[in-house]
Structure formats: structure tokens, C-alpha cells
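Fold and contact review
Now for the letters of each chain:
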Amino acid sequence: MLPAVDSTSRRAKMDNPLCRALQIAFPLIQAPMAGVSTPELAAAVSNAGALGSISLGASNQEQASAMLSRLRQLTAAPVNVNLFCHAPPQRNAERERAWLERFAPLFAQYGAPPPPALTEIYPTFDAASPLLEPLLEAAPAAVSFHFGLPEQSVIERLKKQGMVTLASATSVEEARLVAAAGIDFVVAQGFEAGGHRGIFDPEQADAQMNTRTLVKTIRNACDLPVIAAGGIMDGSDIAAMMKLGAAGVQLGTAFLLCPESAANAAWRAALKSDAARETEMTAAISGRPARCLSNAFCHATRDAPREAIPDYPLAYSLGKALAAAAAAQGEHGFGAQWAGQGAPRAREMAATELVNTLIAEYRAAQ
């Protein structure tokens, strides 16, 4: 039997576009965070009256089906499922060979051989994706896209199944593409946000707008309801974004220390230390710009020119191998410790408690 959704939360449902579209009590989305969000985290958030999320971007078909099945065992409430829609990598044998050679000394230091080649570990989500049919069968309440959009035919199939659609945008130009595709909500990802930038084309200049500016700019340029994402850590932050006209908020870093997240012990320890005060944008770990705690991987690659870094997710295949080799020798600073600029304000509490705390703080800030 599926867990019941808290009736008190349902009676207290806010009247705004996101709450109406998804029948949730409070317009808060827990960010998908591939590799960190779990069905347990998403279910706890959704059962508390917000919108929990999982990401299938790093999953194969079997893993995706297992996550979707587990999620439905844990909640009957609306949930969001996120997909990666990046352009397939352009292979460059010379650049990939040079990247492997660059890291050979570090692999030697940690007693492991580098990968024989870089591999495309995360295929993009498109009409040919093996994840499409499991997604259509599961029919979650919401589906969101990062790094771009799938083909229009895919969007139409998902919407025909009744799914609410969302897509990340880092600029007005991207928001306009999202609107033109018929997406229901645009997630305005400010430069403060942790993890991968949702920028459609990483070869183009990044506008680097902060969340506040991006929300206001997109609202002025597009008719789509806007979800604010980046640097939002407590209820007063939520209230500030809602006063700007946001239809909702998306929080990721705020949930990293929840026991239901899959963040490992080293990542958690870093978030609870002075290391959380320093984050930086790097493309060296994965091949795409992402905000990370300033760790050993960042330090080792600050002099790497952008043109030397293989495309996403090719570089990520090496990054993960190096992180594993170093961790086996007790060095955990080569992991992808994604975190936003609000990391020092992350709180360690159960997801349900955090959602309830955020709602109470928001109400107090009104």
C-alpha cells in the first residue's frame, strides 16, 4: 500500500501556478541532483507537500526502472523526474589522448592506471533514448530537462501523458527556446547554483546572471511562470524570490546534508567545514561548467584551458576514475563535490523536517 500524503499539508495548499499544476501544498522543488537525490529523499519531500525529484540522467534503463519503481513504493504524491538533454560529444582523438596524459602522474600517485580511453558514460535523452518508454510507463507528475530540450515529438508525447514539463535556462535566450517548445515552467538557474550549469551550448558565452537578476529578466521577457534556482537556502530566501514574482523555487544544496541524500561521508564533512565557504565553477571534472567545492580536483586543473577539456561526458569518465583511485588511497578531494554558493548555510536534518522548517520560515518572512 502506498504511503498516504499528509492531509494537513494538502489543506494548506497555496494558490499559485506551480501548486495548481501539480497539486502540491507548497511551491518548492527539491533539485534532481543526479547521483545525490534518491527515491527516499524525493519521497520524503513529496510526502511533506513539496515536489521531490530524482534524476535519470546518470542511469541506464535498468537503473531508471528500479528508481521509478522504488519511488512509487514510497509515495503516491506528485514527483519530478529529470533528464539530461546535452548535445552528443564531439570526439577529438588528440585532445582526448592529451587529457589522459595530463592525468597520468596523478593516477600513478594513487597507484592506479588511467582509463585506456574516454567514454560516453551518459547518453543524451532524445527520441531514441531507452529511458523514454520507462518514463512514459511511469508517467510521473512532472518531468524536467537540463542542458537543453529533447525533440518536440518527445515533449508532446510526455505532455499527452499528462506530465507537467519544466526546463532549466541560464539566460533569456534559453528561456525563449523553452517557451517556444511549449514547456510549462522555466527553471531560472542563477550563477550561484551548485552542480552543472544548465546552459544549452557550453561553447557560447555564459551570461552568469545571479538568480535574482535572471528571474526578473526572464519574467520581463517571457510569459512562462518562472521557478527560481540558485543560492536559495532558507524560508526568507524563498520569500524574497516569491516577492520577485517567481512561481516557485528549486533548492539543491540545502538538501545535501539530509540523511536521505546519497552524498558520501567526505562530501558531508566538507560541507560542514570551512571548505563550504569556497566554491568555484569548473568544467574540468565533467567537461561542462559546474559549481563545486574548491577541492583537490579544482586545484589540480585551474591552469587547464577550456579548449583542452574533452566534451561532456567524456571528461567525466576520467574524473570518476580518478576520484575512485584517490579515494581508495584515502584522498577524497577528487570527487565531484557539487555545491552552490549557499553551501555554508546547509543544515543537517531529515528531509521532512527541512521542508517543514522552510515553510515555517517562509510564513514568518511574509
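It should be noted that the structure appears before, not after, this text.
Every chain is numbered independently, its residues counted from 1 as its sequence is written. For this predicted model, a pLDDT threshold of at least 70 governs which residues receive local features, and a threshold of 80 or more governs which side-chain atom pairs are given and counted, while totals over whole chains, interfaces and linings are taken from all residues. To obtain the side-chain values, all non-hydrogen atoms of the structure were included, while hydrogens and water were left out.

1. Side note on the overall build of the chain
- Counting from the N terminus, the helices are DSSP H or I runs at least four residues long and the strands are E runs at least two residues long. Scanning the chain from terminus to terminus reveals 14 helices and 11 strands.
- A radius of gyration in this sense is built from C-alpha atoms; the matching globule rule multiplies 2.2 Å by the number of residues raised to 0.38. Taking 366 residues into account, the globule formula puts the C-alpha radius of gyration at 21 Å, and the chain, at 20 Å, falls close to it.
- The contact definition used throughout considers only heavy atoms, calling two residues in contact when any of these lie within 4.5 Å. Across the chain, the fraction of contacts at a sequence separation of at least 24, relative to all contacts at a separation of at least 6, is 67%.
- On the chain, roughly 14,800 Å² of surface is accessible, and the fraction owed to carbon and sulfur atoms is 51%.
- Under the convention used here, Asp and Glu are negative, Lys and Arg are positive, and both His and the chain ends fall outside the count. Taken as the charge location is NZ of Lys, CZ of Arg, CG of Asp or CD of Glu. Taking the average place of the 30 positive charges on the side chains of the chain and the average place of its 34 negative ones, the gap between the two points comes to 6 Å. Using a 1.4 Å probe, accessible areas were evaluated by the Shrake-Rupley method; residue-level cover was limited to the displayed protein chains.

2. Some words on helix 4 (residues 61-74)
- In this scheme, a helix's expected span is set at 1.5 Å multiplied by one less than its residue total. The first and last C-alpha atoms of helix 4 sit 20 Å apart over 14 residues, in line with the 20 Å expected at 1.5 Å per residue.
- Between buried and exposed lies partly exposed: a residue is buried under 20% and exposed over 50% of the maximum accessible area for its type, with that area taken using a 1.4 Å probe on protein chains only. Listed as buried for helix 4 are Ala64, Met67, Leu68, Leu71 and Leu74. For helix 4, the angular spread of the buried residues around the axis is 125 degrees, confining them to a single face.
- Tucked inside the fold, the buried residues of helix 4 contact helix 3 (39-47), strand 2 (52-55), strand 3 (79-84) and helix 6 (132-138).
- Capping the start of helix 4 is the job of one residue whose side-chain oxygen sits 3.2 Å from the backbone nitrogen of Glu62: Asn60. Here, the arc refers to the directions that run from the helix axis to the C-beta atoms. In protein, a polar contact requires one atom able to donate a hydrogen and another able to accept it; more generally it is a pair of N or O atoms within 3.5 Å, and residues adjacent in sequence count only if both atoms are side-chain atoms.

3. As for the packing of helix 3 against helix 4
- It is the contact of helix 3 with helix 4, at a shortest axis distance of 9 Å, that shows an interaxial angle of 35 degrees. Seen from above, helix 3 lies across helix 4 with right-handed handedness. Of helix 4, the residues touching helix 3 (which contributes Pro39, Glu40, Ala42, Ala43 and Asn47) are Met67, Arg70, Leu71 and Leu74.
- Among the residues forming the contact of helix 3 with helix 4, the class breakdown is six nonpolar, one polar and two charged. Orientation is described by axes fitted as lines to C-alpha atoms, over the contacting stretch for helices, and by angles from 0 to 180 degrees between their N-to-C directions. For a crossing to be left-handed, the near helix must be turned anticlockwise from the far one by less than a right angle; the clockwise case is right-handed. Residues are sorted three ways: Asp, Glu, Lys and Arg are charged, Ala, Val, Leu, Ile, Met, Phe, Trp, Tyr, Cys and Pro are nonpolar, and all the rest, Gly among them, are polar.

4. Topic: the environment of Ile199
- With respect to the element layout, Ile199 can be found in the loop between strand 7 (195-196) and helix 9 (211-221).
- Here the alpha-carbon distance between Ile199 and Pro305, two residues 106 residues apart in the chain, equals 19 Å.
- The contacts of Ile199, once residues within four sequence positions are left out, are Phe147, Thr170, Glu174, Gln204, Ala205, Asp206 and Arg288.

5. Here we look at the packing of aromatic side chains
- Within 6.5 Å between ring centres, the rings of Phe, Tyr and Trp (the latter by its six-membered ring) count as paired, and their orientation is classed by plane angle as stacked under 30 degrees, edge-to-face over 60, tilted in between. Applying the stated criterion to the full structure yields 11 aromatic pairs.
- Between Phe103 and Phe297, the aromatic rings sit 5.8 Å apart at their centres with planes inclined by 45 degrees, giving tilted as the arrangement. Here Phe103, found in helix 5 (residues 93-109), pairs with Phe297, found in helix 12 (residues 296-301); they are 194 residues apart in sequence, far enough to count as distant.
- Ring centres of Phe125 and Phe145 lie 6.4 Å apart, and the angle between their planes is 20 degrees; this geometry places the pair in the stacked category. Residue Phe125 is located in the loop between helix 5 and helix 6, and its partner Phe145 is located in strand 4 (residues 142-146); the two are separated by 20 residues in the primary sequence.
- Residue classification places Phe125 among the buried residues on the basis of a relative accessible area of 2%.

6. Quick notes on the side chain of Arg291
- Position of Arg291 relative to the elements: it lies in strand 11 (residues 290-293).
- Between Lys or Arg on one side and Asp or Glu on the other, a salt bridge is scored when a side-chain nitrogen of the former is within 4 Å of a carboxyl oxygen of the latter. This buried residue, Arg291, is left without a salt bridge; Glu192 holds the nearest opposite charge, at 7.2 Å.
- Separated by 2.9 Å, the side chain of Arg291 and the backbone oxygen of Phe191 make a polar contact.
- Separated by 3.2 Å, the side chains of Arg291 and Thr279 make a polar contact.
- Setting aside its immediate chain neighbours within four residues, Arg291 contacts Phe191, Glu192, Ala193, Gly194, Gly195, Thr279, Glu280, Met281, Trp338, Ala339, Gly340 and Gln341.

Geometric descriptors of this kind do not, in isolation, establish any biological role.
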